[in-house]
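Architecture and fold: a report
Given next are the chains, with one letter for each unit.
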Amino acid sequence: MGSVQPGEVPLYDRNKELKAFDESKTGVKGIVDLGIEKIPRMFVRTQDEFTEDLAYTDATRDQFQTPVIDLQGIDHRRNEIIDEIRRASMTWGFFQLVNHEIPISVTNEMIQGIRRFHEGDIEVKKRLYVRDLSQKVQYDSNFDLYKSRSANWRDTFRCRLLNPDPIDPQLLPETCRDIIVKYWKHIMNLGDTVAELLSEALGLHKDHLKGMECTQYLTLLGHYYPACPEPELTMGTTKHSDQSFFTILLQDQVAGLQFLHQDHWVTVKPIPGALTINIGDLIQLISNDKFKSSEHRVVANHVGPRVSVGCFYRASLDKPTLLYPIRELTSGSNPPVYKDITFKEYIDYAHSRGLDGISSLNYFKL
């Protein structure tokens, strides 16, 4: 009983494949290093996922351009920059920053540091491989591995830099410790600047978002997308919106990041040294839908690896941080769109579903 007869196709045991992948603790890179020519079935997107894609089309090269905002001369151009950020945050949810004062030598080395970690000693990575997202430093592949319809072609290094106390740098892997510490100092300054500009773009005092602890909790994710032999069958990262107030993303020169705009996928073209800012769900919620948390994805690619570094400004999971539409942004004619909730309620709900392409914010609408 139960044996496969000649000519029969054995039943596919997805859970068995997921478990074997998880227990290897070597991620997608471990699969690629075996020299595969076809991707394992767990990464092949479901028919439902392919069907959902038919609702959108890829933008042509010149159809849409991600807004690029130049911070040079911010002291005398501040109002102009605030206007540009307001338009981009209301309409696109994405924009790129140039002349942000983080040296290109630092951004280049940050990319290399994350690449060194992912391509480094497998035993170091295995020691950090856990599925507990509360760890200060961890490595994994697909945080939602057992919930997703198909696995993503991506490995991730994750560290909670501010929670709100700074992380002990000795907890960081040696391969990227020094550059993370250096980049972190720059990104904290830039995060404060972005929070001030977003506050003013909402018509609030420049310290309003910082007063709501929008910059006190900072998580860094270093993603590694190996070259894929069958990129048309899988996804680097499934469509989602960010579980943050805002995200500052550094990407290398391998394109792949796309966001949804007017039912088109718009590619965020890599600009050397530029940083991509995207509005997260938490700002969409507290701005009462004035600013837009755009859904985005990363496509798999024959070319690789692709490396990106995302810095996510979030709220506290360890205390009942309340999220609610800012009272100054609501009125009788513009009533609150969302319930008052805690960040933990939002995260628990979002993580219970994984990256399924549907905004978690919908669940909390009044």
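Given the structure is predicted, the values throughout are model-derived calculations rather than measurements.

**Concerning the packing of helix α4 (residues 74-91) against helix α7 (residues 177-201)**
- Between α4 and α7, the least distance of the axes is 9 Å, while the angle of their chain directions is 70°. Classified by the angle between their axes, α4 and α7 sit roughly perpendicular to one another. Judged by the sense of rotation from one axis to the other, the crossing of α4 with α7 is right-handed. Along its contact with α4, which presents Ile74, Arg78, Ile81, Ile82, Ile85, Arg86 and Ser89, the element α7 presents Thr193, Glu196, Leu197, Leu198, Glu200 and Ala201.

**Here we look at the pairing of strand β3 (residues 94-98)**
- Burial analysis of β3 places five of its five residues in the buried class, which makes it a mostly covered element.
- Of the two faces of β3, the one carrying Phe94, Gln96 and Val98 and the one carrying Phe95 and Leu97 are both buried.
- Relative to β3, strand β2 (residues 68-70) runs parallel, the two sharing three bridges. Looking at β3, one finds that valine 68 is bridged to glutamine 96.
- Regarding the hand of the β-α-β motif, the stretch spanning β2, α4 and β3 is right-handed.
- Across four bridges, the pairing between β3 and strand β11 (residues 275-279) is antiparallel. Within β11, the position partnered with phenylalanine 95 by the bridge is isoleucine 277.

**Brief notes about α7**
- Over its 25 residues, α7 runs 35 Å from end to end, which matches the ideal 36 Å to within 8%, given 1.5 Å per residue.
- Directly after α7, the chain includes glycine 203, whose backbone phi takes a positive value near 85°.

**Quick notes on the packing of aromatic side chains**
- Under the definition given, this model contains 15 aromatic pairs.
- Here phenylalanine 21 and phenylalanine 43 contribute two aromatic rings whose centre-to-centre distance is 5.7 Å and whose plane-to-plane angle is 90°, an arrangement assigned as edge-to-face. Remark: phenylalanine 43 occurs in the loop between α2 (27-32) and α3 (47-53) and phenylalanine 21 occurs in helix α1 (residues 14-24); sequence separation between them is 22 residues. Of the two residues, phenylalanine 21 and phenylalanine 43, both sit in the buried class.
- Ring plane angle 50° and centroid distance 4.9 Å describe the contact between phenylalanine 117 and phenylalanine 157, whose orientation is recorded as tilted. Of this pair, phenylalanine 117 sits in helix α5 (residues 104-118) while phenylalanine 157 sits in strand β5 (residues 155-162), and the two are 40 residues apart along the sequence. You'll find phenylalanine 117 and phenylalanine 157 in the same group, each marked buried.
- An aromatic cluster of at least three residues, connected via ring pairs, comprises Phe343, Tyr346, Tyr349, Tyr363 and Phe364.

**A look at the sheet that holds strand β6 (residues 217-225)**
- The sheet built from eight strands is open, its strands ordered β2-β3-β11-β8-β13-β6-β5-β4 with mixed pairing. At either end of the open sheet lies a strand with only one pairing partner, and these are β2 and β4 (137-140). On average, each strand axis in the sheet is tilted by 25° relative to the strand beside it, whichever way the strands run.
- Strand contacts of α4: β2, β3 and β11, with the helix running at about 165° to β2, the strand carrying the most contacts.
- Those strands touched by α7 are β3, β5, β6, β8 (246-251), β11 and β13 (306-314), and its axis lies near 135° from that of β8.

**A few points about the sheet that holds strand β10 (residues 264-267)**
- The strand order across the open sheet formed by five strands is β1-β10-β9-β12-β7, and the pairing between neighbours is mixed. Looking at which strands have only one partner, the edges of the open sheet turn out to be β1 (57-58) and β7 (237-240).
- Sheet topology places β1 next to β10; two bridges connect them, and they run parallel. Looking at β10, one finds that aspartate 58 is bridged to tryptophan 265.

**Points about the pattern of salt bridges**
- Throughout the structure, instances matching the rule amount to 21 salt bridges.
- With its nearest N and O atoms 3.6 Å apart, the salt bridge here joins glutamate 230 to lysine 38. Placement of glutamate 230 in the loop between β6 and β7 and of lysine 38 in the loop between α2 and α3 is noted, with a sequence separation of 192 residues between them.
- Residue classification places glutamate 230 among the buried positions, given a relative accessible area of 12%.
- A salt bridge links aspartate 207 to lysine 210; the nearest nitrogen and oxygen atoms lie 3.8 Å apart.
- On the basis of relative accessibility, which here comes to 33%, the residue aspartate 207 falls in the partly exposed class.
- Salt bridges here are not isolated pairs; linked through shared partners, they connect Arg78, Glu196, Glu200, Asp207 and Lys210.

**Brief notes about the side chain of glutamine 284**
- Within the secondary structure, glutamine 284 sits in helix α9 (residues 281-286).
- If we ignore the near neighbours within four places in the chain, the residues touching glutamine 284 are Ile279, Asp289, Phe291, Lys292, Ser293, Tyr338 and Leu361.

**Focus: the environment of asparagine 108**
- In this structure, asparagine 108 sits in helix α5.
- Put simply, asparagine 108 and glycine 273 are 165 residues apart on the chain and 7.4 Å apart in space, counted from C-alpha to C-alpha.

Conventions we followed
Residues numbered from 1 in each chain as written. Predicted model: local features only at pLDDT ≥ 70, side-chain atom pairs only at ≥ 80, totals over all residues. Heavy atoms only, no water. Axes fitted to C-alpha atoms, helices over the stretch in contact; angles between N-to-C directions. Helix = DSSP H or I, 4+ residues; strand = E, 2+ residues; numbered from the N terminus. Parallel < 35°, antiparallel > 145°, perpendicular 65-115°, else oblique. Left-handed = near helix turned anticlockwise from the far one by under 90°. Contact = heavy atoms within 4.5 Å. Buried < 20%, exposed > 50% of the residue type's maximum accessible area, 1.4 Å probe, protein only. Pairing = 2+ DSSP bridges. Right-handed = clockwise from strand over helix to strand, strands pointing away. Expected span 1.5 Å × (residues − 1). Phe/Tyr/Trp six-rings, centres within 6.5 Å; stacked < 30°, edge-to-face > 60°. Salt bridge = Lys/Arg side-chain N within 4 Å of Asp/Glu carboxyl O.

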